[in-house]
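# Survey of secondary and tertiary structure
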Amino acid sequence: MQYRRLEKLGIEVSAFGMGCMRFPMKDDGQGGREVDESISTPIIRHAIDNGLNYVDTAYVYSDKKNEKAVAHALRDGYREKVYLATKIPTWDIHSPEDMDRLLAEQLANLETDHIDFYLVHSLNKGTWTKVRDLGIREFLTKAKAEGKIKYACFSFHDNYDTFIDIIDSYDWDMCQIQFNYMDIENQATQKGLEYAGKKGIPVVIMEGLLGGKLAKAPDNVQALYDAFPVKHSPVEWAFRWLCNHPEVATVLSGVTTMEQCDDNLSIFDRCKVGVMTEAEEELIARVREAYKSRTKV
């Protein structure tokens, strides 16, 4: 496993971050659904046993049952082996008291006395304005002082200008953005990634495969991969490109099977800053244009 040193925080995190949102669900016997822990627990523990140390969940994932499933997987000493990330739901915050209530509930769900990376979930211009005015910055500062969270963070879905406004508005410990080789000018953008890096703020990547769209190449893209002398799967090309960026702290990959977990463990054992040659960078640029050529509207 490759690791990235986060100088601002004085820690190292695995290049592969376990995204827990996509674990399979099953009937809970009461008319609802729950995470199939016979699948999720072995996957999480197997990844940790093989070097992964960053686990990402959120209050709303899996019908609000994901945090508890993750907690169960992290029993038996596994909690102490990882940095645990979860997210406070901005849409459920209507008063300062809601922030304290939600954090207390999440600590209970996760069976822990602290959360390592605590993210304000899915910020955009509107949600940021709302929670900022309700005192989210003061809440995060207080939660850190009380030892309930270690690092104050946010996840983001909006444009570059909004990203800059948010990242400059508080002493953030980390941010999480949607980024992949197709999104260099979308959402926070590559320019935003580099801006965070210049500020010394670690960046966690979500949607590195664009919701799975980059995992299986269409014919015109696969033809480019096939013609290139170095051979990798479309998934590995996407992750290699991300890991080549020094600003990237860890790349979240949501797995649903043990096979996918092993594939990720293998890929992220090879991916590091400087892994891409100039010719490989040019290949990805051609791949990007090939995808764009398929857009009809």
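The rules we used
Residues numbered from 1 in each chain as written. Predicted model: local features only at pLDDT ≥ 70, side-chain atom pairs only at ≥ 80, totals over all residues. Heavy atoms only, no water. Phe/Tyr/Trp six-rings, centres within 6.5 Å; stacked < 30°, edge-to-face > 60°. Helix = DSSP H or I, 4+ residues; strand = E, 2+ residues; numbered from the N terminus. Buried < 20%, exposed > 50% of the residue type's maximum accessible area, 1.4 Å probe, protein only. Lys NZ or Arg CZ within 6 Å of the ring centre and 35° of its normal. Axes fitted to C-alpha atoms, helices over the stretch in contact; angles between N-to-C directions. Parallel < 35°, antiparallel > 145°, perpendicular 65-115°, else oblique. Left-handed = near helix turned anticlockwise from the far one by under 90°. Contact = heavy atoms within 4.5 Å. Nonpolar A, V, L, I, M, F, W, Y, C, P; charged D, E, K, R; others polar. Expected span 1.5 Å × (residues − 1). Arc of directions from axis to C-beta. Pairing = 2+ DSSP bridges. Right-handed = clockwise from strand over helix to strand, strands pointing away.

## Remarks on the packing of aromatic side chains
Scanning all chains against the criterion turns up 16 aromatic pairs. Summarising the aromatic geometry, the rings of Phe117 and Tyr151 are spaced 4.9 Å apart at their centres and angled 40 degrees between planes, so their arrangement reads as tilted. Linking Phe117 in strand β8 (residues 115-123) with Tyr151 in strand β9 (residues 149-156), this pair joins segments that are 34 residues apart in sequence. We note that Phe117, like Tyr151, is buried. Aromatic pair Tyr170 and Trp172: ring centres 5.0 Å apart, planes at 70 degrees, arrangement edge-to-face. Note on Tyr170: relative accessible area 18%, which makes it buried. We note Lys81 situated over the ring of Tyr78; from NZ or CZ to the ring centre the distance is 4.6 Å. Lys191 extends its terminal NZ or CZ atom over the ring of Tyr160, reaching a point 4.3 Å from the ring centre.

## A closer look at the packing of helix α1 (residues 37-49) against helix α11 (residues 258-267)
Axis separation between α1 and α11 bottoms out at 10 Å; the angle between their running directions is 15 degrees. Taken as axis vectors, α1 and α11 run roughly parallel relative to one another. Viewed along their axes, α1 and α11 form a crossing whose handedness is right-handed. Note on element contacts: α11 touches α1 through Met258, Cys261, Asp262 and Leu265, opposite Pro42, Ile43, His46 and Ala47. Classifying every residue of the contact of α1 with α11 gives six nonpolar, one polar and one charged.

## Some remarks on helix α12 (residues 278-293)
For the α-helix, the turn length of 3.6 residues means that residues three or four positions removed from each other point alike. Along its 16 residues, α12 runs 23 Å from first to last C-alpha, staying within 8% of the 22 Å computed at 1.5 Å per residue. Of all the positions in α12, only Glu280, Leu283, Ile284, Val287, Arg288, Ala290 and Tyr291 are classed as buried. Axial view of α12: buried residues confined to an arc of 160 degrees, hence all on one face. Across α12 from its buried face, at more than 90 degrees, point the exposed residues Glu278 and Ser293.

## Details of the pairing of strand β10 (residues 174-178)
A regular strand places its side chains on the two faces of the sheet in alternate fashion. Of all the five residues making up β10, five are buried; the element is thus mostly covered by neighbouring parts of the structure. Burial along β10 is two-sided: the face carrying Met174, Gln176 and Gln178 and the face carrying Cys175 and Ile177 are both buried. Of the strand pairs in this sheet, β9 and β10 are connected by four bridges, and their pairing is parallel. Across the sheet, residue Phe156 finds its bridge partner in β10, namely Ile177. In the classification by handedness, the crossover that spans β9, the intervening helix α7 (residues 160-167) and the parallel β10 is right-handed. Sheet analysis places β10 next to strand β11 (residues 203-206), joined by four bridges and oriented parallel.

## Details of the pairing of β8
Burial runs high along β8: eight of the nine residues are buried. Of the pairings in the sheet, the one linking strand β7 (residues 83-88) to β8 comprises four bridges and is parallel in character. Bridge pairing in β8 places Thr86 opposite Tyr118. In this view, the connection linking β7 to its parallel neighbour β8 by way of helix α4 (residues 96-109) has right-handed handedness. Where β8 meets β9, six bridges bridge the pair, whose relative direction is parallel. Note on β9: the bridge partner recorded for Tyr118 is Ala152.

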